[in-house]
Amino acid sequence: MTDSGETGRTATDAVHLDGITKRFPGVVANDDVDLQVERGSVHALLGENGAGKTTLMNVLYGLYEPDEGRVVVDGTPRDFDSPRDAIDAGVGMIHQHFMLVDPMTVTENITLGNEPERWLGLSIDRERAREEVVDLSERYGFDVDPDARIEDVGVGVQQRVEILKALYRGADVLILDEPTAVLTPQEVRELFGVFEELTAQGKTIIFITHKLREAMTAADDITVLRAGKTVGTLGAADASRERLAELMVGREILLDVDRPAADPGETVLDVRDLTVEDTRGVRAVDDVSLSVREGEVFGIAGVDGNGQAELVEAIAGLREVDGGAISLGGWDATDASRRDRIDAGMAYVPEDRQESGLVMDFDLVSNGLLGSQHARPFAENGRIDWDAAREHAEEIVAEYDVRPANVDARAASLSGGNQQKFVVGREFARDPRLVVASHPTRGVDVGSTEFIHDRINDLRSDGRAVLLVSSKLDEVQSLSDRLAVIYEGSFVDVVDPDAVTEEQLGLLMAGEQPDADVSVGEVSQ
Amino acid sequence: MTDDADSGEAAADGGETADRERTGDGLGAGLRRLSGRLLVALATAALLALLGVAAVVAPESSVGRLFGIVVSTSTLSATLRLSVPIVFAAIGGIFAEKSGVINIGLEGLLIISAFSAVYGADVTGSMLAGLLIGVLASTVLAAVFAVVCIEYRADQIIAGLAVWLIALGLAPFASQVVYGSPNTDSVGTLGTWTIPVLADIPLLGALFDAAPPVYLMFVTVAGAWYVLNRTAFGRWVRAAGENPRALDTAGVDVSRVRYAAVLISGVLSGIGGAALAFNIGQFTGNGPTMVNGKGFIAIVAYLFGNYNPVGALGSTMLFAGLDAVQLRLQTRQILGVPDSLVQTIPFVAVIVVLALVGRTRIPEAAGEHYESGEE
């Protein structure tokens, strides 16, 4: 580890944050944080959710004023009052949620607020704006249609538009907040290619992430933050996943879990020849059969959008079935209501916690009640026992380490990772026979991911059945006992997750059969 | 990452499919939006054609006489006259709502300016001064609305209704105090500006033989379209209503843009209200006052026109045209339908049109407060 305070290369540094402290009521978000970023390099800011990464970058971008410390850009101490000042000093920020106007075109978005004008400002010079955007994207090798509407292009392109927007405003230092969170693996690689192109032309990039691999792949240097403090700065070459994980979390993390062999019991979930149409009437799930037994984790891997979402929703009772049958412990649940399925012992962790897992404006007491609001011990004769509900929410918060530990807080006020922990906690607390978990660790930091994985393993050893869908390969591979690969609505194969390699899985996910036979045959043993 | 190469390919496929689908959705939604409006336009044209054919076949039948009423210079001229206040209010409403502030108080702005313009003209003896005073009154009321909504984060719908109710009470009350009656004295009407030669064209001549506000209306429609679509300010207005944070991070003050847009709605509604009052030369304040729902019809007009000033003009002409026909039908007794039923024609049309149009694309952030620096 290099002691960042004594490297003494301030003269060539594009950015030097010196002893930054930022306090919010009741919290010290940044506590004497140092960060030095060399010009023309890619610097990863690594840390768990709530470690103070975004706060630190908001200080650099002028959104927050630091209580203590100095911001030095290009060797000049700066005092930013607003993002405008930061932009003028050549610092641009690409937020996690894109700041784009959907019905406007790429060009209109890039030039917004800085429109080239003619006729004494009576008109926007649209030709010049378009030319400038085309020039800019060519210079950095971006493939962007200047006339496309934002709402018609994918997230990868939208992100490039955001980067162009910053460059258009003359940014030399680009800050990206969790830039890979919304991208497919392919788009992530393209983004890292963009990083190389930009640094080759002398731009400096700081990106925030909590993904170890990304930091190691894309960055030259990695600074790790933990609980608002700088833990250290490493060259990417000197870093290992284990070392970084330990720095981030402050204790040793078991990235690979050993666990006892499966001892499956009776079949809990049995799905036969299931066919499901998506919202547009296109067949999304095509003749899928599977079964999950007690004490077994059945994993489904696949690239997002291959029918996993529809399959899971059909099983959970949120989507109508167009053919086939679903049975839950021998009971025909094909057309059963959501409530009947819950009562029959099905817990469900939805893919999108904010859309279908929580009511964002409710507090945690009410959110903890969701799905059980009709049942004892929370409800009797149509009246809700709020004391029991509060106690229940407090238990979830304590057991799953949800922060802040305040059940009166609105769900919206929690960070994404804490929202997810609460949803997982609520569902696992149902004493379920079957857990249907869709992307249970999406957007969750390393420490919490490990925790959720442990809980899933507990469920398994406790004799519950678990259906796990995830786009994270290492996750489905390490947790599942049998692993199905879904492609365009059908299972390509069902494999033994311990025997299959990531290359073979990758081929299967693309709908191809690898040369070596990895199949464990029959889908529903 | 060892799986990059393999899964990457599949991911790329997935991504492209998603993109295509998104584009498809956009197109589909666009077609659906278009079809509702197209349907109304086609139905109107078909109805007129049907009437026309019937009129040629049997000029003396009631259908034939109906056609004579619908397609006539005087009906067109009445349509234009009736359109003026609605179009001005609608364009004002477009600016406000495009910027993210739903101004449901257009009706109130029309009322306050109709009275103020008459009072101003009465006191100063000048119609022009009256117009300016009407515009001033409406703009001041709009400014109050803007401060309450933007600075104090009041609910825009409630604040807008308050603007209407304040004007609905204040204008007749002021008239009562000054003139001893909810109706003011007459200050005379505006004459017409007749453009030689063009005014003699059959039917369309009505376009060139109209009161000054009618000409101003056309200029305003064109100007508003230009400002919204071709100037930086217009782009900021749209951005403020769609994604204010994007505008804010681009270094433009969202509140200032919204204030400007709401004030514009005040100025334009002021012109509309004054034109309405000068059309008959006095302010009448009984019941719903002389404005009588025109501010609300303006909202329907710009929604039907999909926030496009030209579209708002077109839909207003449809409603105002029906109103003009209805006024003339009352005096003719052609179909033997009671007057009170005939009077409902424009309002029935509004409901039918709204049902047909289906979804209008409302600005994403319309009705939402925006505070800079809020995380």
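Our subject in this report is the structure included herewith.

A word on the overall build of chain A. Helices and strands together make up the secondary structure of chain A, namely 17 helices and 24 strands. For 525 residues, the compact-globule estimate of 2.2 N^0.38 gives 24 Å, and the C-alpha radius of gyration of chain A, at 25 Å, lies within 12% of that figure. Across its three principal directions, the C-alpha atoms of chain A cover 75 × 50 × 50 Å. For chain A, restricting intrachain contacts to residue pairs at least 6 apart in sequence, the fraction spanning at least 24 positions comes to 66%. Summed over all atoms, the accessible surface of chain A reaches about 21,800 Å², with 43% contributed by carbon and sulfur. When the 51 positive and 102 negative side-chain charges of chain A are each reduced to one mean point, those points stand 3 Å apart.

So, about the pairing of strand 10 (residues 204-209) of chain A. Residues and elements named next belong to chain A. The buried fraction of strand 10 amounts to 6 of the 6 residues, a majority that puts the element mostly inside the structure. Side chains Thr204, Ile206 and Ile208 of strand 10 all project onto a buried face; the interleaved residues Ile205, Phe207 and Thr209 project onto the opposite face, where all are buried too. Alignment of strand 3 (residues 42-46) against strand 10, held across 5 bridges, turns out to be parallel. Following the sheet pairing, Leu46 is matched in strand 10 by Thr209. The sheet contact formed by strand 9 (residues 173-177) and strand 10 spans 5 bridges and is parallel.

A separate point is a nonpolar patch on the surface. Residues Leu48(B), Val71(B), Ile195(B), Leu198(B), Ile201(B), Leu203(B) and Leu204(B) make up a contiguous nonpolar surface patch of roughly 480 Å² in combined accessible area. Tracing the backbone through its elements, the reader meets Leu198(B) in the loop between strand 1 (193-194) and strand 2 (209-210).

This part covers the nonpolar core. Grouped together as the largest cluster of nonpolar side chains are 79 residues, with contacts concentrated most on Met217(B), Leu247(B), Phe283(B) and Tyr302(B). By residue number, the principal contributor to this core is helix 3 (residues 73-98) of chain B, which donates 11 residues. Leave out the neighbours within four places in its chain, and Tyr302(B) touches Ala90(B), Gly93(B), Ile94(B), Glu97(B), Leu106(B), Tyr307(B) and Ala312(B). Ile94(A), Tyr140(A), Tyr168(A) and Val224(A) belong to the second-largest nonpolar core, a separate cluster that totals 50 residues.

Two orientations exist for strands paired in a sheet by backbone hydrogen bonds: parallel and antiparallel. Residues and elements named next belong to chain A. The antiparallel open sheet is built from 4 strands, whose spatial order is 14-13-16-17. Every interior strand has two partners, whereas the edge strands, strand 14 (283-293) and strand 17 (331-332), have only one. Docked against the sheet, helix 9 (residues 308-316) engages strand 13 (267-277), strand 14 and strand 16 (323-328), running at close to 125° with respect to strand 13.

Moving on: unusual backbone geometry. Residues and elements named next belong to chain A. The omega torsion of the bond from Arg403 to Pro404 falls at -5°, within 30 degrees of zero and hence cis. Located in the positive-phi region is Asp287, a residue other than glycine, with phi close to 60°. Judged by relative accessible area, Asp287 falls into the partly exposed class, the value being 49%. The backbone phi angle of Glu488 is positive, close to 45°, even though this residue is not glycine. Along the chain, the position of Glu488 falls in the loop between strand 23 (482-487) and strand 24 (490-495).

So, on to helix 1 (residues 53-60) of chain A. Residues and elements named next belong to chain A. Judged by how many residues are buried, helix 1 sits mostly within the fold: 7 of 8 residues are covered. Among the residues of helix 1, Lys53, Thr55, Leu56, Met57, Asn58, Val59 and Leu60 are the ones counted as buried. Just downstream of helix 1 lies Gly62, where phi reads positive at about 85°.

Right, let's get into the side chain of Asn367(A). On the secondary structure map, Asn367(A) appears in helix 12 (residues 364-369). Contacts of Asn367(A), omitting those with residues within four sequence positions, involve Leu358(A), Val359(A), Phe362(A), Ala411(A), Phe422(A) and Arg426(A).

The subject of this paragraph is the sheet that holds strand 18 (residues 346-349) of chain A. Residue and element names in this part refer to chain A. Strand order in the open sheet formed by 6 strands is 18-21-22-15-23-24, and the pairing between neighbours is mixed. Among the strands making up the open sheet, the edge pair consists of strand 18 and strand 24. Strand-to-strand twist of the sheet, defined as the mean angle between neighbouring strand axes without regard to direction, takes the value 15°. Sheet analysis places strand 18 next to strand 21 (residues 434-438), joined by 4 bridges and oriented parallel. Bridge pairing links Met346 to Leu434 in strand 21. Contacts from helix 9 reach strand 15 (296-301), strand 18, strand 21, strand 22 (465-470), strand 23 and strand 24 within the one sheet, and its direction differs from that of strand 18 by about 150°.

Thresholds, definitions, all that
- Residues numbered from 1 in each chain as written.
- Chains lettered and ligands numbered in written order.
- Predicted model: local features only at pLDDT ≥ 70, side-chain atom pairs only at ≥ 80, totals over all residues.
- Heavy atoms only, no water.
- Helix = DSSP H or I, 4+ residues; strand = E, 2+ residues; numbered from the N terminus.
- Rg over C-alpha atoms; globule rule 2.2 N^0.38 Å.
- Contact = heavy atoms within 4.5 Å.
- Areas by Shrake-Rupley, 256 points an atom, 1.4 Å probe, with all protein chains shown as cover.
- Lys, Arg positive; Asp, Glu negative; His and termini not counted.
- Charge placed at Lys NZ, Arg CZ, Asp CG, Glu CD.
- Buried < 20%, exposed > 50% of the residue type's maximum accessible area, 1.4 Å probe, protein only.
- Pairing = 2+ DSSP bridges.
- Patch = residues over 30% accessible without salt bridge, like charges linked within 9 Å, V, L, I, M, F, W, Y side chains within 5 Å.
- Salt bridge = Lys/Arg side-chain N within 4 Å of Asp/Glu carboxyl O.
- Core = buried A, V, L, I, M, F, W, Y, C linked by side-chain atoms within 4.5 Å.
- Axes fitted to C-alpha atoms, helices over the stretch in contact; angles between N-to-C directions.

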